[in-house]
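Results of the structural survey
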Amino acid sequence: MASQSSTTDGKAAVVVGGGIGGLTAAVALRQVGWRVTVLEQAARFGEIGAGITLLSNGLRCLDAIGLGDAVRGSGLPMLAIGMRTAAGRWLSRIDGDGADLEARMGTTTLVIHRAELHKILRDALPDAALMAGVATAGIYGGEDGGPSEVGFRVRNQDALLRADLVVGADGMHSWVRAQRWPDAAAPVYSGSTTWRAVAPTTPSSAVTEMSLSWGPGTEFGVMPLVDGRTYWYAAANAREAQRNPDELDELRHRFGTWHEPIPAVLAHTQPEAVLRHDIYWLPKLDSYYRGSVVLLGDAAHAMTPNLGQGGGQTLEDAIGLAAALSRADDVTLALARYDHERRARTQAMSLAATRQLRFGQQLHNPIAVAVRNTAVALTPDRIALLAIARYGRRIPPAVPHAARRSGRGVGP
Ligand SMILES: Cc1cc2nc3c(=O)[nH]c(=O)nc-3n(C[C@H](O)[C@H](O)[C@H](O)COP(=O)(O)OP(=O)(O)OC[C@H]3O[C@@H](n4cnc5c(N)ncnc54)[C@H](O)[C@@H]3O)c2cc1C
């Protein structure tokens, strides 16, 4: 078996998972002088056909690694945003120009196609740093209190990757977490399921603003993307793993009588574009690192999507990890700092997201729904959005560029 050691120039990291978190971590780690290999189990690096909203905190993280402008160029800032009933009555609404919304909400909200965000991150990495179609087989060494070098075995590659750090960025059902946190509780089903798609827009279904509409135990959100496409999602209370033979047909049945543009958007969606996922959240971990193995993103703190912060927190983790590693030569010390800086915030966010789910989409008792809608309608717009917007205020730590710090280039 060959042994690939990449510790000759700077420290080396193996990042498991080539999603938004893994790629952002790889870009940031390279910038602080680490050599990085990203392992992805899928045959190709890519993302699903859905949109993602990013508040300012997520965008600032992308700015920290020099990719913010590219993301702004491919995303659409929201000019208006609001909450509605199934019949279309506005419960709250903020519109105006983008600057007005930003000033009143206290944060930018940008919507981008996931595949486009993913491509921007991927293009910031050399091909040599990316390995797809990888079957992870084992992590060796790097335990608490032992030598810090950690070996990583890949089943379909005749190689043992040696590194100073393994980053588990492999999502909610993380294999890395299962290896090093065997005592961790499994993700918990939230009681809600979700459908998502990107629809090509036609004049009759033009969506110009982001809105989220509530019915009893259901929610439907629409938001425009660049080029006139619409990203939409639906959510409903449901049994775990329940599926329909034709999901789009089911959605047209459930939401066909809701206010426009929902029926029109569904009418213009292709059946094969509809994605369905059940929603889970991960019970709190007692630490985000063990020895030389660290978790980030959904692997560390998968949360329900109700604050639109899962991705934002993942980006914050990636930048926070690279910044911590740039400030300390000792990896364990850096991981302890990362854990300290990230765990409380992300676990509080996860709790808040679950509360938002219970108070929002999952509420189905007609009296409770009426009380909730009245409370939202009576709450001044700015206050209503403050709970979400305040998460956007976080300023990420700087990611000092190794080439600028040491005057030498960063290896592949
Ligand atoms: C319905 C829904 C809507 C959402 N909307 C938003 C939103 O609007 N805004 C927002 O900020 N967040 C949103 N989120 C949350 C956001 O999608 C996640 O927090 C984010 O994608 C987490 O990124 P990640 O890189 O940690 O994990 P993932 O995106 O899950 O990426 C993990 C990667 O690891 C790979 N992988 C898995 N196992 C292995 C293995 N053993 N070896 C190698 N590779 C492996 C996977 O193939 C994948 O590429 C939403 C989530 C859901 C479910």
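Quick caveat: nothing in here was measured; it's all calculated off a predicted structure.

1. A look at the environment of Ala238
Looking at the secondary structure, you find Ala238 in the loop between β17 (230-237) and α7 (247-255). Sequence separation between Ala238 and Ser190 is 48 residues; the distance between their C-alpha atoms is 9.4 Å. If we skip the residues at most four places from it in the chain, Ala238 touches Tyr189, Gly191, Ser192, Thr193 and Arg276.

2. Some details on the site of the ligand
Neighbouring residues of the ligand: 29 residues in total, closest Gly21, Glu40, Arg114, Asp298 and Gly311. Arg114 is positioned such that a nitrogen or oxygen atom in its side chain is 2.8 Å from an oxygen atom of the ligand. Within the complex, the protein chains bury 84% of what would otherwise be the 1,000 Å² of accessible surface of the ligand. Of all the elements in the fold, those that place two or more residues in the shell around the ligand are α1 (20-31), β4 (51-55), β14 (188-199) and α10 (310-327). For the shell around the ligand, the residue count by class is eight nonpolar, 16 polar and five charged.

3. A short note on the sheet that holds strand β5 (residues 76-77)
Strand order in this open sheet of three strands is β4-β8-β5, and the pairing throughout is antiparallel. Both outer strands of the open sheet, β4 and β5, are each paired with one neighbouring strand and no more. The sheet contact formed by β4 and strand β8 (residues 109-113) spans five bridges and is antiparallel. Within β8, the position partnered with Leu55 by the bridge is Thr109. Of the strands in this sheet, β4 and β8 touch helix α2 (residues 56-64), which is tilted by about 90° from β4.

4. As for the pairing of strand β16 (residues 218-224)
Most of β16 is tucked away, with seven of its seven residues classed as buried. With burial as the criterion, each face of β16 is covered, one bearing Thr218, Phe220, Val222 and Pro224 and the other bearing Glu219, Gly221 and Met223. As judged from the five bridges shared by strand β15 (residues 210-215) and β16, these two strands associate in the antiparallel manner. Each bridged residue has a counterpart across the sheet, and for Trp214 the counterpart in β16 is Glu219. Counting the residues between successive antiparallel strands, the hairpin from β15 to β16 contains two residues, one of them, Gly217, with a positive phi of roughly 65°. Relative to β17, β16 is paired through seven bridges, and the arrangement is antiparallel. Each bridged residue has a counterpart across the sheet, and for Val222 the counterpart in β17 is Trp232.

5. Some remarks on the confidence of the model for the chain
For the chain, per-residue confidence averages 90 on the pLDDT scale, and 91% of positions sit at 70 or higher. Contacts from residues 1-8, a stretch scored under 50 in pLDDT, to residues over four places away or in other chains number 19 contacts. Note that pLDDT drops below 50 for residues 405-412; the model gives that stretch 20 contacts with residues more than four away or on any other chain.

6. Details of the packing of α1 against α10
Two elements in contact, α1 and α10, have axes separated by 8 Å at closest approach and are oriented at 25°. Between α1 and α10, the interaxial angle falls into the category roughly parallel. α10 is crossed by α1, and the crossing has right-handed handedness. Seen from α1, the contacting residues are Ile20, Gly21, Thr24, Ala25, Ala28 and Leu29; seen from α10, they are Thr314, Leu315, Ala318, Ile319, Ala322 and Leu325. Across the contact of α1 with α10, the residue classes tally to nine nonpolar, three polar and no charged.

The rules behind each value
- Residues numbered from 1 in each chain as written.
- Predicted model: local features only at pLDDT ≥ 70, side-chain atom pairs only at ≥ 80, totals over all residues.
- Heavy atoms only, no water.
- Helix = DSSP H or I, 4+ residues; strand = E, 2+ residues; numbered from the N terminus.
- Contact = heavy atoms within 4.5 Å.
- Near = heavy atom within 4 Å.
- Polar contact = N/O pair within 3.5 Å; in protein donor to acceptor, adjacent residues only side chain to side chain.
- Areas by Shrake-Rupley, 256 points an atom, 1.4 Å probe, with all protein chains shown as cover.
- Nonpolar A, V, L, I, M, F, W, Y, C, P; charged D, E, K, R; others polar.
- Pairing = 2+ DSSP bridges.
- Axes fitted to C-alpha atoms, helices over the stretch in contact; angles between N-to-C directions.
- Buried < 20%, exposed > 50% of the residue type's maximum accessible area, 1.4 Å probe, protein only.
- pLDDT = per-residue confidence, 0-100.
- Parallel < 35°, antiparallel > 145°, perpendicular 65-115°, else oblique.
- Left-handed = near helix turned anticlockwise from the far one by under 90°.

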